[in-house]
Amino acid sequence: MTDPLPHAAGDRRHTTLGSPVGDLTLVSDGAHLVGLYMTDQRHRPEETTFGPRADDVTPFAAARGQLAEYFAGERTAFDLPLAPAGSEFQRRVWAALLTIPYGHTWSYGELATRIGNPRASRAVGLANGRNPIGIVVPCHRVVGSGGSLTGYGGGLERKRLLLDLERAALAGA
């Protein structure tokens, strides 16, 4: 089976863009999106790891357009070349995040079951919190067992905004 989220490699560059959840920093290795970070995000790497600013790197144009469509409620899935760096377990969790339907949520326990390890909800939560490509890899769609909004590296207000945006777009469709 081919890994849908390969390891990151190459020469890093970054750009920033404004969004309804604040400024986003996009990081590329030249061919893939390897990071999407919010301002004041927990587990955000040091700026020095992002490489120099370069607004014209190939993945950035597509990411800008697709993120604009997403925030306008016009895009329900992203089609971008991704290469997040992480452990095999983390990448398995992040790949599973990509299968959570737009506008829906799964609990940490459900996500653990979906990756074949139903007793790993705590480890799934830790991997979810380390997701380096927020929004595109939709870690915001994971909630507590009773549906409560818990643990989001970008902050609960941003998580609520993203979930409300998706639900409103579905309701208007």
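Above this text sits the structure in question.
Note that the structure is predicted; figures quoted are calculated from it, not measured.

The subject of this paragraph is the environment of Leu-36. Structurally, Leu-36 is set in strand β3 (residues 33-38). For the pair formed by Leu-36 and Thr-16, sequence separation is 20 residues and the distance between their alpha carbons is 9.3 Å. Ignoring sequence-local partners within four residues, the contact set of Leu-36 consists of Leu-24, Thr-25, Leu-26, Gln-41, Leu-67, Pro-132, Ile-133, Gly-134, Ile-135 and Val-136.

On to empty space enclosed by the protein, then. Overall, the coordinates contain one cavity of 30 Å³ or more when judged by the stated rule. Lining of the largest cavity is provided by Met-38, Gln-41, Asn-128, Gly-129, Asn-131, Gly-134, Cys-139, Gly-151, Tyr-152, Gly-153 and Gly-154. Within the lining of the largest cavity, the residues separate by chemical class into three nonpolar, eight polar and no charged.

We now examine the packing of aromatic side chains. Scanning the entire structure with this criterion turns up four aromatic pairs. With a centroid separation of 5.2 Å and 75 degrees between ring planes, the pair formed by Tyr-70 and Phe-71 is classed as edge-to-face. Of the residues examined, Phe-71 reaches a relative accessible area of 14% and is grouped as buried. An aromatic cluster of at least three residues, connected via ring pairs, comprises Tyr-70, Phe-71, Phe-78 and Tyr-102. Directly above the aromatic system of Trp-106 lies the positively charged group of Arg-114, at a separation of 4.1 Å from the ring centroid.

What follows is about unusual backbone geometry. With a phi angle near 65 degrees, His-43 is a residue other than glycine that sits in the positive phi range. With respect to the helices and strands, His-43 occurs in the loop between β3 and α1 (58-71). Owing to a relative accessible area of 37%, His-43 belongs among the partly exposed residues under this scheme. Even without glycine at this site, Ile-135 takes up a positive phi of about 70 degrees. Mapping Ile-135 onto the fold places it in the loop between α4 (121-129) and β5 (142-143).

Moving on, we get to the side chain of Ser-28. Of note, Ser-28 is situated in strand β2 (residues 24-28). Among the polar contacts listed, one links the side chain of Ser-28 to the backbone nitrogen of Gly-30, at a separation of 2.8 Å. Apart from the residues within four sequence positions on either side, Ser-28 is in contact with Asp-11, Arg-12, Arg-13, Val-34, Val-57, Pro-59 and Phe-60.

Strand order in the open sheet formed by three strands is β1-β2-β3, with antiparallel pairing between adjacent strands. The outermost strands of the open sheet, each flanked by one partner alone, are β1 (13-17) and β3. On average, each strand axis in the sheet is tilted by 20 degrees relative to the strand beside it, whichever way the strands run. Bridging between β1 and β2 involves five bridges; their strand directions are antiparallel. Across the sheet, the residue bridging to Leu-17 is Leu-24, located in β2.

The next subject is the nonpolar core. Of all hydrophobic cores here, the largest spans 40 residues; its most connected members are Leu-24, Leu-67, Phe-71, Ile-135 and Val-136. Mapped onto this core, the elements with two or more residues apiece are β2, β3, α1, α2 (88-97), α3 (108-114), α4 and α5 (156-172). Here this core takes five residues from α1, the largest share from any one element. Filtering out sequence-adjacent residues up to four positions away, Ile-135 remains in contact with Val-21, Leu-24, Leu-36, Met-38, Leu-67, Tyr-70, Phe-71, Phe-78, His-140 and Leu-162. Judged by nonpolar contacts, the second largest core, of five residues, contains Val-27, Val-34, Tyr-37 and Phe-50.

The rules behind each value
- Residues numbered from 1 in each chain as written.
- Predicted model: local features only at pLDDT ≥ 70, side-chain atom pairs only at ≥ 80, totals over all residues.
- Heavy atoms only, no water.
- Helix = DSSP H or I, 4+ residues; strand = E, 2+ residues; numbered from the N terminus.
- Contact = heavy atoms within 4.5 Å.
- 1 Å grid on protein atoms, 1.4 Å probe; cavity = no way out; pocket = protein on both sides within 12 Å on 5 of 7 lines; lining within 4 Å.
- Points joined across faces, edges and corners; volume = space filled by probe spheres on them.
- Nonpolar A, V, L, I, M, F, W, Y, C, P; charged D, E, K, R; others polar.
- Phe/Tyr/Trp six-rings, centres within 6.5 Å; stacked < 30°, edge-to-face > 60°.
- Buried < 20%, exposed > 50% of the residue type's maximum accessible area, 1.4 Å probe, protein only.
- Lys NZ or Arg CZ within 6 Å of the ring centre and 35° of its normal.
- Polar contact = N/O pair within 3.5 Å; in protein donor to acceptor, adjacent residues only side chain to side chain.
- Pairing = 2+ DSSP bridges.
- Axes fitted to C-alpha atoms, helices over the stretch in contact; angles between N-to-C directions.
- Core = buried A, V, L, I, M, F, W, Y, C linked by side-chain atoms within 4.5 Å.

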